[in-house]
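For reference, the chains in residue letters:
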Amino acid sequence: MIKISNARKSFEELEAVEKVSIHVNKGSIYGLLGSNGAGKTTLLKLLSGIYLQDEGSVTIDGQPVFENTSIKDKIFFIQDNPFFLPQYTVKQMAQFYKSIYSGWNEDRFEELAIIFEMDIHKKIHKFSKGIQRQAAFILALSARPEILILDEPMDGLDPVMRKKVKSLLIDEVADREMTILISSHNLREVEDLCDYIGIMHKGRIILEKDLDDLKSDTHKVQVAFKGPVPAIFDSMKLLHKEKRGSIMICIVKGDAEEISAYVEQFKPVIFDLLPLTLEEIFIYEMGDVGYAIQNILG
Ligand SMILES: Nc1ncnc2c1ncn2[C@@H]1O[C@H](COP(=O)(O)OP(=O)(O)OP(=O)(O)O)[C@@H](O)[C@H]1O
């Protein structure tokens, strides 16, 4: 289990990560969202032990990450510019990681090289950016890490490759409970992958949610009455309310059946309860900081 508690990291005057606490359970996929400069990469570097936090703690299975070789054996970090040794081929990088990761699986490496149709004997620097990223995925998944940390992983991948990578990641999570932490500046890019979302803004996590709860818990209600509108909204958990002609449109939190039963008592002439898109939920949930979300929604 990943646990970051009250972590801070500054670069001279600039506080890139301010008192961040997150908690990621084994086998889950956590999406760290935020616009440019929000502090995502810095947080991922704290988690992978590249940086030491100025304050707070960063632990995996209860052990501090920084300078901890046994923990680093469990983590693979694909940075936004994936790391390769100069002049190395994919095969040579595989030998390098084989000497580092105790869980390295040669059969998996060969299998993934076929899936990605990768020329493993070619020097990596001669590949395009997208193919280099594919090589990074092959190497990462062959290392069989318990925790995979991905910084903007879909950058440079075409739509077919994105789909392939997503399904491989989901399989690894399902098969062996790998945990994934994934940063992105685009909610749409990761919403089908993540089960948990944290939104970072100016060095802080401003919203953290379980996506399934979020989707089942927030609804759009459209309702109209004959005559004056009864005082039904006072006892509802409203995120937003507006009137369009004679129809009231509300964004309501709560159980769908309970909301329906409650509203039906007032005998509306029109009543619809609709699901919201994730994008709508975030916009309504964010309220004051809604401006920060616009970038993330892309
Ligand atoms: N090594 C560094 N030295 C000085 N400042 C840094 C360093 N790394 C990051 N920063 C600053 O910290 C802040 C957060 O940067 P970070 O790269 O963590 O954000 P990000 O959310 O990953 O952004 P992006 O989506 O643009 O990659 C930025 O203001 C950045 O300029």
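Residues numbered from 1 in each chain as written. Predicted model: local features only at pLDDT ≥ 70, side-chain atom pairs only at ≥ 80, totals over all residues.

The name given to the protein in an unreviewed UniProt entry is ABC-2 type transport system ATP-binding protein, with Cytobacillus oceanisediminis as the source organism.

A.B. asks: Can you help me understand the overall build of the protein in this one?
C.D. replies: The number of helices and strands found in the protein is 11 helices and 14 strands. Considered along the principal axes of its C-alpha atoms, the protein spans approximately 75 × 45 × 30 Å. Here the protein holds 298 residues, and 34% of them are scored as buried. (Helix = DSSP H or I, 4+ residues; strand = E, 2+ residues; numbered from the N terminus. Buried ≥ 20, exposed ≤ 12 C-beta atoms within 10 Å, placed from the backbone.)

A.B. asks: For this particular structure, what's the right way to read the pairing of strand β4 (residues 55-60)?
C.D. replies: The two faces of the sheet receive side chains in turn, since in a regular strand these alternate between them. Here five bridges tie strand β1 (residues 2-11) to β4, and the two strands are oriented antiparallel to one another. Following the sheet pairing, serine 5 is matched in β4 by serine 57. Note: β4 against strand β5 (residues 63-64), two bridges, orientation antiparallel. In the strand pairing of β5, threonine 59 is matched with proline 64. Between β4 and β5, which pair antiparallel one after the other, the connecting turn spans two residues, and aspartate 61 there sits at a positive phi close to 50°. (Pairing = 2+ DSSP bridges.)

A.B. asks: I keep staring at the domain arrangement of the protein and nothing clicks. Help me out?
C.D. replies: Accessible area lost during the coming together of the parts is what is often quoted as the interface size. Domain parsing of the protein yields domain 1 (2-202) and domain 2 (213-297). Here the C-alpha centroids of domain 1 and domain 2 sit 37 Å apart. (Domains from an automatic or database assignment.)

A.B. asks: Which parts of the structure should I look at to understand the nonpolar core?
C.D. replies: The tendency in soluble globular proteins is for nonpolar side chains to be buried side by side. Core analysis: the largest hydrophobic core is formed by 71 residues, its most contacted members being Leu47, Ala140, Ile149, Leu181 and Ile182. Per-domain counts for this core show at least three residues from each of domain 1 (2-202) and domain 2 (213-297). Leucine 47 has contacts with Ile2, Ile4, Val58, Val65, Ile149 and Leu181, leaving out every residue within four places of it along the chain. (Core = buried A, V, L, I, M, F, W, Y, C linked by C-beta atoms within 7 Å. Contact = placed C-beta atoms within 7 Å.)

A.B. asks: Would you explain the site of the ligand in this entry?
C.D. replies: Near the ligand you find Phe11, Leu14, Ala16, Gly34, Asn36, Gly37, Ala38, Gly39, Lys40, Thr41, Thr42 and His185, and these make up its full shell. Take the shell around the ligand: its biggest share by element is three residues, from helix α1 (residues 40-47). (Near = placed C-beta within 6 Å.)

A.B. asks: Which parts of the structure should I look at to understand the sheet that holds β4?
C.D. replies: Strand pairs in the sheet, formed through backbone hydrogen bonds, run parallel or antiparallel to each other. Spatial ordering of the open sheet is given by β2-β1-β4-β5, a layout of four strands whose pairing is antiparallel. Of all strands in the sheet, those bounded by a partner on one side alone are β2 (14-24) and β5. As defined by bridge partners, β1 adjoins β2 across seven bridges and the pair is classed as antiparallel. From the neighbouring strand, lysine 9 faces β2, where its bridge partner is valine 17.

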